[in-house]
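Structural overview
The primary structure of each chain is shown beneath.
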Amino acid sequence: MPHHPTHLRPGTAVLTRGFDPALSVGSARPAVFRSSTYVFESPESAEHAFDVIGGRAPAEPGGRADLVYARISHPNAEIVEDQLVPLERGAAEALVFNSGMAAIMTAVFTFARPNSSIIYTVPLYGGTAQLIHRFLMPLGVTAVSIPAGQGTALQEAIRSSTDPCIVLIETPANPSLMMTDIRQAAATARDLPARPIVMVDNTFLGPVFQHPLELGADLVLYSATKYLGGMSDMLAGVALAADPRLTQEMRSRRNMFGNILQPDECWLLDSRLPTVPLRMNRQSKSAQRIAERLQGKPRLRRVIYPTLFEDPEQKRIFHAQCDYPGAIISLEFDGGKPAAFAFLRSLKIARNAVSLGGVETLACHPKSTTHSGLEPEEQDLAGVTDGLVRLSIGIEDWRDLVADFEQALQRV
Ligand SMILES: *Cc1c(COP(=O)(O)O)cnc(C)c1O
């Protein structure tokens, strides 16, 4: 690399790290390298590259082997991984995957062992819950679930489970926004001889508003399909760690599984990264204004949003753990499912779709869609009621969104 200042702030580093225009014929933005295989300078350098990949020789400074084959890595993955690192406070290395589920699945398969236990908060993202129930449990891993926000029970479970290998926390929970104390769980895990890996699915508030690695977590996982991608037009996943040994272990599994993010998608994700803080700040600010404006309106039993929390412990976790409240709001209607459906039918700007984190505002009815696979007791535990609608606020003018929600409320 040419002369380069070292200590850059994240907003600058995301635009300057990892990409050298000289390697893309002077192009100001990265080229897309679609090649599946890479040409060696000599048979000796080919031999050396395979020694590095096979762990028989140390990697070059910077930790990377020469490019060999695109399932192992490719230039666009290297660029986007370098640019992800400064966005996540405390991270040393990032890995990209072809979906959020691919990142989560690779993390879980890297660190689970036979006859061990995985301790996790519920509700979890539906795909993650299925991964635990339908894949890990039949392989002999004990699953221990603790309702989100029950810190003491979580600590107890971490201490008392047989050979704990993974603690998986999703905070805030979806769609109740119930928060779990990451620092407390990580400290409990660190004190155990088995030293379980503490993973946080940071999709809802990270990387801008919540920093799990600084709170003691080992691994941060993302569905980059959401805020990182930000346009509801791609699938991607990311894993980040402060300890490069953890990402190295996951990297070798990614080589086996073949679930690295493809070059075109890496290029697309890369172009979205510089605006993640801009978009998320705007989305959170708008969501806060909207939530506080909707609170107390007729037909709404409750507006669920971090700045409106009433439980003292939830308030404490929010203030200790999150910089800003984020852009997910849950509305609970007095009139149950008919009211929720009438509201969704009447929206003119917000679209009725699952997913979240895009620049466009989305609304869905979790009980009949994203959370319909849960047992009734699990739905109750997760706060998924008949009258609940989840909103993901985009970057439209918040006043137009308030007007849209108000006119839809009138039709309930
Ligand atoms: C969407 C989502 C996932 C799964 O990500 P995909 O990119 O759809 O595979 C995992 N966790 C959370 C919290 C999510 O919202």
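Anything mentioned here points back to the structure above.
What counts, and at which threshold
- Residues numbered from 1 in each chain as written.
- Predicted model: local features only at pLDDT ≥ 70, side-chain atom pairs only at ≥ 80, totals over all residues.
- Heavy atoms only, no water.
- Helix = DSSP H or I, 4+ residues; strand = E, 2+ residues; numbered from the N terminus.
- Rg over C-alpha atoms; globule rule 2.2 N^0.38 Å.
- Buried < 20%, exposed > 50% of the residue type's maximum accessible area, 1.4 Å probe, protein only.
- Areas by Shrake-Rupley, 256 points an atom, 1.4 Å probe, with all protein chains shown as cover.
- Lys, Arg positive; Asp, Glu negative; His and termini not counted.
- Charge placed at Lys NZ, Arg CZ, Asp CG, Glu CD.
- 1 Å grid on protein atoms, 1.4 Å probe; cavity = no way out; pocket = protein on both sides within 12 Å on 5 of 7 lines; lining within 4 Å.
- Points joined across faces, edges and corners; volume = space filled by probe spheres on them.
- Nonpolar A, V, L, I, M, F, W, Y, C, P; charged D, E, K, R; others polar.

1. Observations regarding the overall build of the chain
Along the chain, the regular secondary structure elements total 14 helices and twelve strands. Against the compact-globule benchmark of 22 Å for 412 residues, the chain has a radius of gyration of 22 Å, which places it among compact chains. A principal-axis box enclosing the C-alpha atoms of the chain has dimensions of 75 × 50 × 35 Å. The buried share of the chain, reckoned over its 412 residues, is 53%. When the accessible surface of the chain is summed, it comes to about 18000 Å², and 54% of that surface belongs to carbon and sulfur atoms. If you average the places of the 39 positive and of the 44 negative side-chain charges in the chain, the two averages end up 6 Å apart.

2. Focus on the environment of Arg289
Looking at the element boundaries, Arg289 is found in helix H10 (residues 276-294). Of the residues examined, Arg289 reaches a relative accessible area of 40% and is grouped as partly exposed. When the C-alpha positions of Arg289 and Ser346 are compared, they lie 21 Å apart, and in sequence the two are 57 residues distant.

3. Describing the layout of surface pockets
Considered as a void within the structure, the second largest pocket measures approximately 500 Å³ in volume. Forming the walls of the second largest pocket are 25 residues, and the residues nearest its centre are Ser176, Met178, Arg302, Ile304 and Phe309. Per-element accounting of the lining of the second largest pocket gives the leading share, five residues, to strand S8 (residues 300-304). Residues that form the lining of the second largest pocket fall into these classes: 15 nonpolar, six polar and four charged.

The analysis is restricted to geometry; functional conclusions fall outside its scope.
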